[in-house]
Amino acid sequence: MVANLPGGGECAPGFEVIRPAFEAVLAADAASTRQGIGASFAVWHRGARIVSLYGGYTDKAAETPWAEDTLACVYSSGKAVVAYLIAEAVGAGLLDYEAPISAIWPDFAAAGKGAVTLGQVLSHQAGLPGFVDPVAPEIWLDWDATCAALAAMTPLWVPGSAQGYHPQTYGYLAGEPLRRATGQSVGTLIREKGLDVYCGIDQTIAPRTAVMVKPPKAPDLGEINPATKAAFLERWSAPASVARADWLAAEIPASNMHASAAGLAALVHPLGNGGKDGSGQATLAPDVLEAFFRTRSHRDDQVLPFTLAWGAGMMRNVNRHFGPNENAMGHAGFGGSMVMIDPDHQVSASFVMNRMSPHLVGDPRTLKLLDALYGALK
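Residues numbered from 1 in each chain as written. Predicted model: local features only at pLDDT ≥ 70, side-chain atom pairs only at ≥ 80, totals over all residues. Heavy atoms only, no water.

Colleague: How would you summarise the overall build of the chain if you had to cite specific residues and measurements?
Modeller: The number of helices and strands found in the chain is 11 helices and 12 strands. Here the chain has a C-alpha radius of gyration of 19 Å; the compact-globule value for 378 residues is 21 Å, and the two agree. Its C-alpha atoms give the chain principal-axis dimensions of about 60 × 45 × 40 Å. With 378 residues in all, the chain has 58% of them scored as buried. In the chain, once contacts between residues fewer than 6 apart in sequence are set aside, the share between residues at least 24 apart is 68%. Only carbon and sulfur atoms are counted for the fraction: they give 52% of the accessible area of the chain, which is about 14,000 Å². Each charge class in the chain was averaged separately, 27 positive and 35 negative side chains, and the resulting centres sit 3 Å apart. (Helix = DSSP H or I, 4+ residues; strand = E, 2+ residues; numbered from the N terminus. Rg over C-alpha atoms; globule rule 2.2 N^0.38 Å. Buried < 20%, exposed > 50% of the residue type's maximum accessible area, 1.4 Å probe, protein only. Contact = heavy atoms within 4.5 Å. Areas by Shrake-Rupley, 256 points an atom, 1.4 Å probe, with all protein chains shown as cover. Lys, Arg positive; Asp, Glu negative; His and termini not counted. Charge placed at Lys NZ, Arg CZ, Asp CG, Glu CD.)

Spelled out as structure tokens, the structure:
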């Protein structure tokens, strides 16, 4: 491991080249800050975990070594977890990508939203990237209040006519139909998986969470418009002045999910492994996978300064942010976390860290690690 940094983990035979790439990422992070930093990287391939590397520290004082089960906030990478849970519900016949969500959430039909489908929500076409009118920043900690406000809201554009990233609202717009269909919250459904992925953390788990080291500068949001302001820049666009324990305990699926790299890669692995999880059990049928991967929107984004293509909740790899294979999909999280799936290679991978960067997607650290992975897959 990198000099003066603790760490460990394993690489399966043939994938040892990933270790020096991971160590280079840690070394560069360590050189960029005097605060304690740490990270983990994991890969699943054809139902087996082939890489699980970790190193560094979980705290700014560099006192607590990063462990394989250390949890870090993955921010928007958690959207991929919600997308997977939705896919399971679709496979069980509880939800339908093509059905209006107002069929299961009647109040959502207000203000001309009655025809908005679940697929449009998952591909950021609903026109609800954030609240335009003032709300209390603490509203995000109140699931019912947030859902009620979104149900009443008038879209910023005609749903389906444009695409604009929904950084916070996605978790409620997807999570509420899921809750109504299954009778369980996002956090409860995740806990039933038994993996190191959490949405809502109690104080028994909290000591395993890393302290995030904020980025040196704000991300580049491009040209600011009303949708960008509502999504990111209003004082109520995210929870503010909330005690850490309250924030950890809340279920904000789009932005406060915590995970280890191994847990995150394992949870989404069926999407990249023909529907089968690490035990070989089929959790997703071929027709569900086909619907999941289908491109639902490919346009210039109204909120982020990118052209993005979306399937049912994950980005298609049009910008090569998730490795060289155009058929891969993934999701990035603010600060640098990443989770990806590749059905051609039957792979899922995840990077989790606590030194945040200004990159919204395509963090150089993840690109370096994915280059090493694909070099080994050849």
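Colleague: Which residues make up unusual backbone geometry, and what values do they have?
Modeller: You will see that Tyr75, though not glycine, has its phi angle at about 45°, which is positive. Among the secondary structure elements, Tyr75 is positioned in the loop between β4 (72–73) and α2 (78–91). Positive phi, normally seen in glycine, also occurs at Ala111, with a value near 60°. If you trace the backbone, Ala111 turns up in the loop between α2 and α3 (118–122).

Colleague: Describe in detail the pairing of strand β3 (residues 48–56), supporting the description with residues and values.
Modeller: The buried fraction of β3 is high, at 7 of 9 residues. Across 5 bridges, strand β1 (residues 7–11) lies against β3 in antiparallel orientation. Directly across from Gly9, in β3, lies its bridge partner Leu53. The pairing of strand β2 (residues 38–45) with β3 spans 8 bridges and is classified as antiparallel. (Pairing = 2+ DSSP bridges.)

Colleague: Requested: an account of the packing of helix α4 (residues 143–152) against helix α5 (residues 169–182), with residues and values cited.
Modeller: Where α4 contacts α5, the axes come no closer than 10 Å and their chain directions differ by 100°. Between α4 and α5, the crossing angle belongs to the class labelled roughly perpendicular. The residues of α5 that touch α4, namely those facing Trp143, Thr146, Cys147 and Leu150, are Thr169, Gly171, Tyr172, Leu173, Gly175, Glu176 and Arg179. (Axes fitted to C-alpha atoms, helices over the stretch in contact; angles between N-to-C directions. Parallel < 35°, antiparallel > 145°, perpendicular 65-115°, else oblique.)

Colleague: Kindly report on the environment of Val25, identifying the contributing residues and their values.
Modeller: For Val25, the location among the structural elements is in helix α1 (residues 18–32). Classification of Val25 by relative accessible area gives buried; the value is 3%. As a C-alpha pair, Val25 and Arg365 span 340 residues in sequence and 6.0 Å in three-dimensional space. Residues within four places of Val25 in sequence aside, it is in contact with Phe351, Arg365, Lys368 and Leu369.

Colleague: Could you give an account of the layout of surface pockets, with specific residues and numbers?
Modeller: Its volume calculated, the largest pocket comes out at about 890 Å³. Along its surface, the largest pocket is lined by 35 residues, and Tyr75, Gln168, Lys214, Ala238 and Phe334 are the ones closest to its centre. Of all elements in the fold, only α7 (226–233) and α8 (244–249) reach the threshold of two or more residues within the lining of the largest pocket. Sort the elements by how many residues they give to the lining of the largest pocket and α7 lands first, with 3 residues. Within the lining of the largest pocket, the residues separate by chemical class into 25 nonpolar, 7 polar and 3 charged. (1 Å grid on protein atoms, 1.4 Å probe; cavity = no way out; pocket = protein on both sides within 12 Å on 5 of 7 lines; lining within 4 Å. Points joined across faces, edges and corners; volume = space filled by probe spheres on them. Nonpolar A, V, L, I, M, F, W, Y, C, P; charged D, E, K, R; others polar.)

Colleague: Give me the lowdown on the pattern of salt bridges, citing residues and values where you can.
Modeller: Tallied over the full model, the rule gives 12 salt bridges. Here Asp69 and Arg208 are joined by a salt bridge, their closest N and O atoms 3.7 Å apart. Here Asp69, found in the loop between β3 and β4, pairs with Arg208, found in the loop between β5 (197–198) and α7; they are 139 residues apart in sequence, far enough to count as distant. Relative accessible area serves as the criterion here: at 23%, Arg208 is assigned to the partly exposed category. The partner of Asp363 in a salt bridge is Arg365, with the nearest N and O atoms 3.0 Å apart. Each member of the pair, Asp363 together with Arg365, is buried. (Salt bridge = Lys/Arg side-chain N within 4 Å of Asp/Glu carboxyl O.)

Colleague: How would you summarise the packing of aromatic side chains if you had to cite specific residues and measurements?
Modeller: Tallying each qualifying case throughout the model produces 7 aromatic pairs. Ring geometry for Phe131 against Trp140: centres 5.4 Å apart, planes inclined by 40°, an arrangement best described as tilted. No difference in accessibility class separates Phe131 from Trp140, as the two residues are buried. Between Phe292 and Phe293 the ring centres are 5.6 Å apart and the planes differ by 80°, which places this aromatic pair in the edge-to-face class. Here the two residues Phe292 and Phe293 agree in accessibility, since each one is buried. A cation sits over an aromatic face here: Lys113 above Phe108, 5.0 Å from the ring centre. (Phe/Tyr/Trp six-rings, centres within 6.5 Å; stacked < 30°, edge-to-face > 60°. Lys NZ or Arg CZ within 6 Å of the ring centre and 35° of its normal.)

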